[in-house]
Amino acid sequence: MFEQGMLLLVGEAFLETLFMTLVSTFFAYVIGLPLGMLLVVSDKDGIYPIVSLNKIFGVIINFIRSVPFLILLVAIMPITKIVVGTIIGPKAASLALLVAAGPFVARLVESSLKEVDKGVVEAAQSMGASPFQIMTKVLLPEATPSLLLGFAIAVTTILGYSAMAGICGAGGLGAIAINYGYYRGDKEIMYVMVVLLVLIVQVFQELGTRISRHSDKRM
Amino acid sequence: MEEKEAMIQLRGVCKRFPQKKDTIEVLHNIDLDIYKGEIFGIIGLSGAGKSTLVRCINLLERPTTGQVFLDGVELTSLGEKELRAQRHSMGMIFQQFHLLMQKTALENVMFPMKISGVPKAKAQERAKELLELVGLSERMLSYPAQLSGGQKQRVAIARALATEPKVLLCDEATSALDPNTTAGVLSLLKDINERLGITIIVITHEMSVIQKICSRVAILDGGDIAEIGSVEEIFRSPKTQVGRELVFHDGEKKEAYVGHVPYCYRTVFKGDSANEPILGNMMIEYGAPVNILSGNTRNIKGGVFGQMILQFPEDAEVRGKMIQYLRDRKVEVEEVEYV
Ligand SMILES: Nc1ncnc2c1ncn2[C@@H]1O[C@H](COP(=O)(O)OP(=O)(O)OP(=O)(O)O)[C@@H](O)[C@H]1O
Ligand SMILES: [Mg+2]
């Protein structure tokens, strides 16, 4: 159906998408995990309430999350230029992905950690556990299955963002879909891209669900 | 009797919760001494403040005013860090067990030791011993989801004992369990109290729990201690309305009451009088029947007690004589307004 060159192009785009997604997810967690933990800990019912700090971070996160990704991508271009040195290519897109996904991951982590039964936290407190111990030895381990599910959601969402970033020259499957499918009207290519993206999402989601279920001892 | 040493002392403990508009005071100026080595019961109706009170003992809830002492140490004056250290000597178990769901029974019991810095090998050894103590050696590697309610509570008890506490706080520890399992858990607690000498505080809304294991009991009502005394005392002659309600109608719903019935008396027979047909003899003696409205027997630390709600004859003279007849035979008789 495709000639050799096209196949290579798609293969390369596929890897680009994977790279962008995974790298962005990784860094989104580097930022989002501690941020989510901070949100939980500093909550007014948290294990170390600092309400003002909690409010400030809450507002910033909500602010970033309310800006549609495409607009965010364009809006931070000046910053991207300074940080990455260019505003095109997967690396440049990764920064925007990170800015968008970090707060998203923070909220995912927050909601996973908040699912942990308050009573278990209280039991740990009654044993003399410090807030740090409660976080590392109670909240994170108890929330692991939920965190893993959240991780699958994060990866698939970031994958969606990365496809959008294709518009701004980020490369990857999204870029091919737009360049060939949209600008040149080659519907076939576009559908192939769609199918590929759907497949990747399915794989990540299924993997995440399985690992989560496997790790969960609550049956 | 020798002077009893206090393990826990509450002095003027008040707890208020600030609400949107005003504050509600849940505990009013509680003074309470719990002695070393006893099993002390705190009973009250729902919302009386029992949980709040027990949470004030290990400062999960900081009293708004007042002092809490543990074995002479004023907990209310300690900073967070010192308080955490003191908490190692207080274990707590809960109605809903609150086990770590992603950890095995063994890991759950090791958990408090991990927190207090006990080396892993030692913690594991001790956790195994404790699981044996509560009769769960075989289920060591099970996860809480694989255990029954009673087994979960046993794990929770083993966990609470891990740091060799002086005090064990039990907040409705058997309320989620069926009667058989409850009996098992209660006898385990009693066993622990006798073998390890740990002071135990039992919070419950069921008089039967108190009767099975406690030596003394405080009745909490609307944030005040309404009555306090030996279980036998309180059971034989509760002095307050709540006390009577809890003793007479343990566990039963209010709707089940008959309502106001005239000439009703509650009589308490001590175990040794149960052999003699006192009631029968009395009815023969005065030639008038009494109506038995309800009756049961209870095992209390001091022995076996039978209690009956009786309706006496209308004739005031006969009634008076009958009551005197019973009192002469060491039967407690007390008028009750409702049944
Ligand atoms: N954190 C809180 N904020 C506001 N009110 C509270 C709080 N905790 C408890 N209360 C109130 O204090 C009262 C006593 O509550 P508590 O849980 O101590 O009762 P309890 O005797 O344990 O009842 P139960 O038998 O139902 O467990 C209740 O009216 C409750 O609404
Ligand atoms: Mg309660």
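None of the values given here were measured: they were computed from a predicted structure.

*Asks:* Explain helix α8 (residues 172-183) of chain A to me, and be specific about the residues and the numbers.
*Replies:* All names here are of chain A. With 12 residues, α8 ought to run about 16 Å at 1.5 Å a step, and its terminal C-alpha atoms sit 16 Å apart, in line with that. α8 sits mainly inside the fold: 9 of its 12 residues count as buried. In the core, the buried residues of α8 are packed alongside α1 (4-42), α7 (131-165) and α9 (187-215). G185, located one to two residues past α8, shows a positive phi value of around 70 degrees.

*Asks:* An account of the sheet that holds strand β14 (residues 332-335) of chain B is needed here, citing residue identities and associated values.
*Replies:* Sheet strands pair by backbone hydrogen bonding; their relative direction is either parallel or antiparallel. Residue and element names in this part refer to chain B. With antiparallel pairing, 4 strands are arranged side by side in an open sheet as β12-β13-β11-β14. Unpaired on one side and paired on the other, β12 (291-300) and β14 mark the two borders of the sheet. Averaged over all adjacent pairs, the angle separating strand axes in this sheet is 15 degrees, with direction ignored. Examined bridge by bridge, strand β11 (residues 264-270) and β14 share 4 bridges and lie antiparallel to one another. Paired with V268 across the bridge in β14 is E332.

*Asks:* How would you sum up the interface of chain B and chain A? Please name residues and give values.
*Replies:* The interface is formed by 23 residues belonging to chain B together with 24 residues belonging to chain A. Here chain B packs against chain A, burying approximately 2100 Å² in sum over the two surfaces, 63% of which is carbon and sulfur. Viewed at the interface, chain A and chain B are joined by 1 salt bridge. Note that R55(B) and E122(A) form a salt bridge whose closest N and O atoms lie 2.5 Å from each other. Joining chain B to chain A, the criterion identifies 8 residue pairs in polar contact (both at pLDDT 80 or more). Elements with a minimum of two residues in the side of chain B that touches chain A: α2 (80-87), β6 (90-94) and α3 (105-115) of chain B. Counting residues per element, the side of chain B that touches chain A draws most heavily on α3(B), which supplies 4 residues. By residue class, the composition of the side of chain B that touches chain A is 12 nonpolar, 5 polar and 6 charged.

Rules and cut-offs
- Residues numbered from 1 in each chain as written.
- Chains lettered and ligands numbered in written order.
- Predicted model: local features only at pLDDT ≥ 70, side-chain atom pairs only at ≥ 80, totals over all residues.
- Heavy atoms only, no water.
- Helix = DSSP H or I, 4+ residues; strand = E, 2+ residues; numbered from the N terminus.
- Expected span 1.5 Å × (residues − 1).
- Buried < 20%, exposed > 50% of the residue type's maximum accessible area, 1.4 Å probe, protein only.
- Contact = heavy atoms within 4.5 Å.
- Pairing = 2+ DSSP bridges.
- Axes fitted to C-alpha atoms, helices over the stretch in contact; angles between N-to-C directions.
- Buried area = accessible area lost by both parts, 1.4 Å probe.
- Salt bridge = Lys/Arg side-chain N within 4 Å of Asp/Glu carboxyl O.
- Polar contact = N/O pair within 3.5 Å; in protein donor to acceptor, adjacent residues only side chain to side chain.
- Nonpolar A, V, L, I, M, F, W, Y, C, P; charged D, E, K, R; others polar.

Without other data, these values stay purely geometric and don't point to any function.
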